[in-house]
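# Coordinates in review
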Amino acid sequence: HILPRIAEQLDAPLDQLGALVSVYALSLAVFTLLSGPLSDRFGRRIMLIWGSTLLTLALCLQLIVTDFAGLLAARALAGVGGGALGGASIAYAGDAFPSERRGWAAGWIMSGFAAGQVLGIPLGVFLAGEVGFRAPFGVFAAVMAEALLLVVFWLPRTQTQPASLSVAGTLRDYAALLKDRTTGAACAVYSTILFGMGVFVPYFPQFLEDRLGFSGMEVAWMFMLGGTANILTGPRAGRLSDRIGRRPVIVGGSLGAGLFISLTPLTVYLPLSAYVLFVLGLACIASRASAMQATLSEIAPEDRRGRFMSLSLACSQTGFSVGAALSGPVYLAGGLEASALVLAVSAVCIALLVIYILPETLRRESEESA
């Protein structure tokens with residue numbers, strides 16, 4: 001959403017803007033693999049503290065960079081902080097909530113991300129256009145510092161079972177999780193989800209401005225409406241998955257997202273319909289995300305939950321990084337039509353993986369309890 005402003009103010013090539021998204025995702029993926037074992041050993045809360053600290057510092061660095069290379073480096077550091085936060089936050093929900101409420105809890109976590117979108121994107125676009133692209137990073141750094149204080153003084157500790165910590169043991173655990181049919185399938189699903197998003201999202205605002213004639217603020221309002229749909233849908237979809245199971249919600253959300261997103265290139269004939277399709281697509285994505293996060297928290301053994309959540313997040317961010325790296329060439333070669341097609345195909349692949357490989361974790365746990 002602020003990539004066009006960065007291109008203007010740093011004189012960066014259009015086809016390289018996706019690298020800002022890709023380098024963050026790749027850095028996040030790599031460090032996530034390191035943070036998982038640490039959270040199993042020392043607890044989720046300490047990783048949330050360190051992740052919040054690093055992300056705050058990285059955002060501050062983005063205030064002083066003067067060229068595109070410096071911004072890339074700062075984004076890489078931000079990925080380190082994000083890696084510590086991502087796996088630990090979902091694993092924390094798995095520790096703190098029982099299975100029958102994890103879908104609801106995951107929905108609220110995903111809604112928290114969407115709330116940041118609702119509030120942050122319009123503000124970020126406004127500041128980037130009126131003050132400069134560095135201004136949003138300053139505001140977000142202040143918000144992240146506040147989040148750090150909340151973690152330190154408000155978030156309670158959860159009970160974890162301290163796990164052994166060694167390089168060889170961690171590599172064996174990761175290899176075993178990838179080889180296992182269930183956990184390996186979950187990683188494949190999650191990486192495919194983020195791959196499709198990585199191809200589509202970076203250049204969607206560019207399409208809205210270049211092809212539909214939207215202003216920066218109109219793009220921001222669209223993302224705000226989509227985030228609102230995410231907030232309203234996430235907890236409800238999570239609660240629905242607590243009742244009917246995770247797989248139907250993941251499959252329905254994936255196919256719905258693929259359908260609505262694949263239609264977005266047609267909005268050149270009716271620009272205002274872009275708002276409707278984007279809101280419906282985000283609602284489906286929120287439904288899928290809530291059920292998927294609950295599934296991930298239920299698959300891994302408790303003593304390796306941090307490792308698995310970090311592995312799945314690393315796989316997803318690797319998928320996003322690859323997708324973002326391809327987003328520029330795909331968009332320049334075929335426009336948003338090509339980007340939307342890639343996302344639609346990935347949505348169908350997700351549905352097939354879930355139907356034929358991924359188990360229904362809620363039903364399995366209920367049967368074991370009975």
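Residues numbered from 1 in each chain as written. Predicted model: local features only at pLDDT ≥ 70, side-chain atom pairs only at ≥ 80, totals over all residues. Heavy atoms only, no water.

This part covers the packing of helix α2 (residues 18–42) against helix α3 (residues 44–61). At a minimum axis separation of 7 Å, α2 and α3 run at an interaxial angle of 135°. By the angle between their directions, the pair α2 and α3 is classed as oblique. Side by side, α2 and α3 meet where Ser35, Leu38, Ser39, Asp40 and Phe42 of the first sit next to Arg44, Ile46 and Met47 of the second. Grouping the constituent residues of the contact of α2 with α3 by class yields four nonpolar, two polar and two charged. (Axes fitted to C-alpha atoms, helices over the stretch in contact; angles between N-to-C directions. Helix = DSSP H or I, 4+ residues; strand = E, 2+ residues; numbered from the N terminus. Parallel < 35°, antiparallel > 145°, perpendicular 65-115°, else oblique. Contact = heavy atoms within 4.5 Å. Nonpolar A, V, L, I, M, F, W, Y, C, P; charged D, E, K, R; others polar.)

Further remarks concern the confidence of the model for the protein. Of all residues in the protein, 86% attain a pLDDT of 70 or more, and the chain-wide mean is 82. For the protein, the element scoring lowest by mean pLDDT is helix α14 (residues 361–369), at 52; helix α11 (residues 246–262) scores highest, at 94. (pLDDT = per-residue confidence, 0-100.)

In this model helix α12 (residues 273–299) runs 39 Å from its N-terminal to its C-terminal C-alpha over 27 residues, within 8% of the 39 Å that 1.5 Å per residue would give. The buried fraction of α12 is high, at 23 of 27 residues. (Expected span 1.5 Å × (residues − 1). Buried < 20%, exposed > 50% of the residue type's maximum accessible area, 1.4 Å probe, protein only.)

Next up on the list: the packing of α2 against helix α13 (residues 305–356). Contact geometry for α2 and α13: axes closest at 8 Å, N-to-C directions at 170°. Viewed along their axes, α2 and α13 adopt a mutual orientation that is roughly antiparallel. A class-by-class count of the residues in the contact of α2 with α13 yields 13 nonpolar, twelve polar and three charged.

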